[in-house]
Amino acid sequence: MTTRGEKTQAAGRPENGTAAEREIKYKGWKAMPYIVGTGSIPTPPLAHRAANGLSITTATIVNVFNGTTNLAPLLGGFLADTYLGRYATLGLASLASQLGLLIIMLTAAVSQLHPPQCDPGQLCSGPTPGQQAFLLFGLTFLVIGAGGIRPCNLAFGVDQFDPRTEDGRKGINSFFNLYYFTFNVAMMISATLIIYVQSNVSWSVGLAIPAVLMVFSCAFFFLGSRTYVKVRPQGSPFSSIAQVLVAAFRKRRLKLPDDHPEESLLDPPHLSSLISKLSYTNQILDKAAIVTPEDEINPDGSAANPWQLCTLQQVEQVKCIVRIIPVWSTGILYQVAATQQQTYVIFQALQSNRHLGRSNFQIPAASFVVFPMLGMSLWIPIYDRIVAPRLERITKKEGGLTLLQRMGIGLVLSVVVMATAGVIEERRRSHALRHHQTVGVTTNGGAVSPFSSLWLIPPLILLGVSEAFNVISQVEFYYKQFPENMRSIAGSLLFCGFAMGGYLSSLMVTVVHRSTGRGQSKNWLAEDLNKGKLDLFYFSIAVLGVLNFIYFVGCAKWYRYKA
């Protein structure tokens, strides 16, 4: 019989099957109902409230919160891989999220925790320092929760499948799609139902919905504790990375033999049950493993001074990371396109004809951000159940296409999205200015074009398909190509890319604002879109997307998949 410690250790995918490993029961899809919910609770759309609770200071707090939640997973992933393990990190992060949601709900439910109601036309009083501090207290717990859930939820789910079997590998591939399908459904609920409840029923009730759902999510997660396969943390991987870099620098003047260079490198027997043995790739940093007469070798084959001599396994692990970083960087500029399209489409909708036919019903401008999520949610099951199996029969590759090929398709589609959006914006503005048949005026005085807002939907749907190719493939790529002892950190890379993309988007907007609009030229991003040149801004992002794709192709050609 296996003890609990043996069972956890065996879950680390030993290279050769052991008795402990053979007794592991991977539950696969049976464990998913307990896990998926922890990453699919809709977050409260705090920035939606423009009055009573959100002053400029509070809005700034919310913006900082949005950026921090994308950077926090890097620290959470490190703690999970090094000290806590994914199960403990997920459990603690879920409880932190629960507490944060309850605190945020109280800011709306308790009158002493938010500014008083004010009538239109009156000067509204902003929140007190104490009220802002209480809000910040709740947001801090939400950041802690996001920092633990985002990098670990997906990796922990994949841990439940046996990668040595065909069913297990197919389950892993499908789980990536399922995870993002449920995540998008949750985001759509947040952007529609919860906002509707907040606007038309009660702000406190709207915030109570995710808090109540999180209670059930936590309960389900801990209810499945006996079902999970739990991988123990293996200590900090960064010390090994530092050792390879230092050793490679110290031996930079040495030369490798032309024939079979791997034979001159330190390659002791591989004993780890968690980290798989990596094959030799003749690329970079190999000199860190060159054995010289001055190097001392321990009886077990390891180096006496790891800062002077590293194993081939250590070098190959660092190579994995070095090869991934350039590919990851292409996702930053990709995120710029997604961010700008979903931001300015609301302003485009406000200055377009949002009526459905001849009816008086108008599509809410804020609801247009749902269409990329809808496009992704529709495409994921189509690709997973229809397209991928047919491609597999043609290409003989798992999933039909390689991960890099799918990421490249997503980049190409993003260029098409921005170019199409630019053409549509030019037509919208043309209808407003040249035909002089406006159908209204916005609150900022901008004329509403007779151009139908329904034309904005196709590029948004295509953007969702683009994200299905690129974003999901990014996550799967990081998980499969990172060393096994850094998979939680790998799960944080996507969100770090989101953060970098958001910061770069803000920088681009600032640069365009300052560089256009001087003298007699038009400000491309004028508050009244009819007086601006938003189409040129979209075309510029499309050009950057083309350059980004060319850079990606170079990175993909240089890349070597982990073997």
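Rules used throughout
Residues numbered from 1 in each chain as written. Predicted model: local features only at pLDDT ≥ 70, side-chain atom pairs only at ≥ 80, totals over all residues. Heavy atoms only, no water. Core = buried A, V, L, I, M, F, W, Y, C linked by side-chain atoms within 4.5 Å. Buried < 20%, exposed > 50% of the residue type's maximum accessible area, 1.4 Å probe, protein only. Helix = DSSP H or I, 4+ residues; strand = E, 2+ residues; numbered from the N terminus. Expected span 1.5 Å × (residues − 1). Bend = angle between axes of the 7 residues up to and from the residue. UniProt positions renumbered as here; feature names shortened; annotations may be inferred. Phe/Tyr/Trp six-rings, centres within 6.5 Å; stacked < 30°, edge-to-face > 60°.

**Q** How should I be thinking about the nonpolar core in this particular structure?
**A** Buried together is how nonpolar side chains tend to be arranged in soluble globular proteins. Within the largest apolar cluster, 79 residues are counted, with the highest numbers of intra-cluster contacts made by Phe 175, Phe 176, Tyr 180, Val 327 and Phe 477. Sorting elements by how many residues they give to this core places helix α6 (residues 129–158) first, with 10 residues. In this structure, Tyr 344, Met 418, Leu 463 and Tyr 538 belong to the second largest nonpolar core, which totals 19 residues.

**Q** Would you explain helix α13 (residues 457–481) in this entry?
**A** Because the α-helix completes a turn every 3.6 residues, residues three or four places apart line up on one side. In this model, α13 (25 residues) spans 35 Å end to end at C-alpha, consistent with the 36 Å of a helix rising 1.5 Å per residue. Of all the bends found along α13, the most pronounced is centred on Glu 467 and spans about 30°.

**Q** How should the UniProt feature "transmembrane region" (unreviewed entry) in the protein chain be read in this particular structure?
**A** Sites flagged by UniProt as "transmembrane region" (unreviewed entry) map to residues 87–113, 133–156, 177–197, 203–223, 363–383, 403–424, 489–516 and 536–559. When the span residues 133–156 is considered, its composition is 100% helix and 0% strand, and the gap between its end C-alpha atoms is 34 Å. For residues 203–223, helix accounts for 100% and strand for 0%, while the C-alpha atoms at its two ends are 31 Å apart.

**Q** Could you clarify how one ought to interpret the packing of aromatic side chains in this entry?
**A** Centre distance and the angle of the planes are the two values used to describe a pair of aromatic rings. Within this structure, the stated rule accounts for 27 aromatic pairs. Both rings, one in Trp 29 and one in Phe 161, keep their centres 5.2 Å apart while their planes meet at 75°; by these two values the pair is edge-to-face. One end of the pair, Trp 29, is in the loop between α2 (19–22) and α3 (32–35); the other, Phe 161, is in the loop between α6 and α7 (166–200), and 132 residues separate them in sequence. When its relative accessible area of 40% is taken as the criterion, Trp 29 is described as partly exposed.

**Q** When you look at unusual backbone geometry in this model, what are you seeing that I'm missing?
**A** For residues other than glycine, phi is negative in most cases, and the peptide bonds are mostly trans. Non-glycine residue Leu 285 carries a positive phi angle of around 65°. Here Lys 396, not a glycine, exhibits a phi torsion of approximately 60°, which is positive. Following the sequence through the fold, Lys 396 ends up in the loop between α11 (370–395) and α12 (403–433).

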